[in-house]
Amino acid sequence: MADRVTVIGWDGSPLTAAARSALAAATLVAGAAHHLALPEVPPTAERIRLGSVSLAARRIAGHRGTAVVLADGDPGFFGVVRTLRAPEFGLEVEVVPAVSSVAAAFARAGMPWDDAQVVVAHRRTLRRAVNVCRAHTKVAVLTSPGAGPAELGLLLEGVHRTFVICEELGTEREQVTVVTSDKAPDHTWRDPNVVIVIGGPTAPGGSGEGGGWLAGRDPGAGPRGWTQPGEVYDGPLGEGETDLLRAAQLARLGPRVGDLVWDIGCGSGAFATEAARAGAAVIAVDRKLEACARTDAAARHFGVQLQIVQGTAPHVLENLPEPDVVRVGGGGAAVVSAVADRRPQRIVTHAATRDAAELVGRDLTEHGYQVECALIQSVELDTRAWTETERSVAFLLSGVLPGRAS
């Protein structure tokens with residue numbers, strides 16, 4: 001095992017005395033090509049071109065001597081330190097950090113970033129990174145080849161965002177470009193780059209003059225509770241939008257950051273808004289212009305971002321991006337069947353009668369979903385006289401697709 005392992009962050013500025021001292025003593029140096037070309041790297045040291053960090057860690061673990069790993073930015077922030085410290089390698093490391101590429105990107109843009117979401121995009125996580133950009137007003141995306149600004153712009157079709165694209169930060173070829181998301185696919189961008197994605201309404205109760213208290217999205221912004229009283233949604237709610245039914249649907253779907261939720265038959269926009277408040281990206285669909293307008297008003301009231309699509313399901317669903325979870329608030333068995341063809345992880349819907357519930361449940365089962373059905377009855381009481389004021393009954397159906405990530 002290496003006698004000493006030092007991880008040095010590099011942001012293009014001159015190396016610190018501690019970094020130069022560690023390099024001068026190194027018998028093995030790992031890094032990208034531009035790191036290994038630094039004049040401070042000893043000519044006698046063994047050099048490892050850093051591709052797979054795991055492979056480099058194995059080489060370092062078997063090295064007898066002093067090792068240095070060079071990495072861009074802060075190596076402890078979505079960097080190599082996590083892999084090097086993995087139990088299978090048994091490496092204890094010292095870290096000499098530099099300014100992270102995210103901090104540098106926001107500095108170039110002249111923007112604060114304590115309220116930003118930060119995501120890593122590669123081919124496996126690109127879709128989820130895009131969903132975060134759909135759902136949040138300020139996101140920094142650490143890109144990779146094949147999952148860069150052009151791909152982000154393509155997958156954000158229908159959603160307007162502004163991109164601040166920072167290429168090769170800290171080098172002589174550094175460039176900062178501001179484009180709208182729909183124009184990003186028209187260009188070729190150099191790696192490495194960081195994309196700041198901004199746009200959309202700001203949530204109520206923002207950080208204000210005094211600043212925030214929690215990095216990223218404040219989960220306490222807005223009123224407390226999974227669901228809100230019906231009267232805040234500017235008009236009567238539909239039969240499938242009662243507070244308790246919405247709460248049960250949210251519990252079954254479990255929308256979260258990185259998910260894309262479809263709300264089909266969005267009605268007042270209550271469910272779509274509440275799913276968005278959980279941090280998920282939401283596409284709300286309804287055939288009625290009035291429902292789309294109410295949904296937009298609800299989203300603006302709560303400061304969340306929704307993509308609202310007017311059209312009739314199931315035909316309007318054909319060109320929508322793949323969902324993770326879906327609520328079917330209207331359209332019946334035909335729409336549920338069309339949704340199941342897209343294979344989301346979870347589907348919830350409701351039915352007014354047992355026969356209708358059985359029809360939907362059988363269809364979901366035929367599509368390979370594990371189906372649960374519950375009869376939900378709620379009774380509202382006037383607590384001044386303890387008399388019944390309203391009663392609602394609905395069958396809640398949920399389907400879970402086995403074998404998909406939960």
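In this report, we go over the structure that sits alongside the text. Think of each chain on its own: its residues are numbered from 1, step by step along the sequence as written. Given that this is a predicted model, residues contribute local features only at a pLDDT of at least 70 and side-chain atom pairs are listed and counted only at 80 or more, while totals for whole chains, interfaces and linings are drawn from all residues. Side-chain metrics rest on all non-hydrogen atoms present in the structure, leaving aside hydrogens and water.

What to know about the overall build of the chain
Check the secondary structure of the chain and you find 12 helices and 17 strands. Only protein chains enter the accessibility calculation, which uses a 1.4 Å probe; a residue is then buried when its area is under 20% of its type maximum, exposed when over 50%, and partly exposed in between. In the chain, which comprises 406 residues, the proportion classed as buried is 48%. Throughout, a contact is declared for two residues whenever any of their heavy atoms are within 4.5 Å. Restricting the contact set of the chain to residue pairs at least 6 apart, pairs at least 24 apart contribute 62%. The method behind every accessible area is Shrake-Rupley, applied with a 1.4 Å probe, and residues are considered shielded solely by the protein chains displayed. Here the chain displays about 19900 Å² of accessible surface, and carbon together with sulfur accounts for 52% of that area. The charge count includes Lys and Arg as positive and Asp and Glu as negative, but it does not include His or the ends of the chains. Positions of charges follow a simple convention, taking NZ of Lys, CZ of Arg, CG of Asp or CD of Glu. Counting 39 positive and 46 negative side-chain charges, the chain places the averaged centre of each group 4 Å from the other. Helix and strand assignments follow DSSP, with helices taken as H or I runs no shorter than four residues and strands as E runs no shorter than two, numbered in order from the N terminus.

A short note on the sheet that holds strand β15 (residues 346–351)
Strand order in the open sheet formed by seven strands is β13-β12-β11-β14-β15-β17-β16, with mixed pairing between adjacent strands. The open sheet has two free edges, formed respectively by β13 (306–310) and β16 (370–382), since each of these has just one partner strand. On average, each strand axis in the sheet is tilted by 20° relative to the strand beside it, whichever way the strands run. Each pair of strands is called paired provided DSSP finds at least two bridges between the two strands. When strand β12 (residues 281–286) meets β13, the two strands line up parallel, connected through five bridges. Only the contacting stretch of a helix is used when fitting its axis, a line to C-alpha atoms as for every element, and angles between N-to-C directions run 0 to 180 degrees.

What about the sheet that holds strand β6 (residues 117–120)?
Ordered in space as β6-β7-β10-β8-β9, the five strands form an open sheet in which the pairing is mixed. Across the chains shown, the open sheet's two edge strands, defined by having one partner strand only, are β6 and β9 (175–180). Adjacent strand axes in the sheet meet at a mean angle of 20°, parallel and antiparallel pairs treated alike. As paired elements, strand β8 (residues 162–167) and strand β10 (residues 193–198) share six bridges and run antiparallel to each other. Directly across from Ile165, in β10, lies its bridge partner Val195. On top of the sheet, helix α6 (residues 126–135) reaches β6, β7 (138–142) and β10; it is set at about 160° to β6, its chief contact.

Structural notes on the pairing of β12
In regular strands, side chains alternate between the two faces of the sheet. Taking burial as the measure, the six residues of β12 include six buried ones, the bulk of the element. Residues Ala281, Ile283 and Val285 of β12 are buried on one face, and the alternating residues Val282, Ala284 and Asp286, pointing to the opposite face, are buried as well. Examined bridge by bridge, strand β11 (residues 260–264) and β12 share five bridges and lie parallel to one another. Directly across from Trp262, in β12, lies its bridge partner Ile283.

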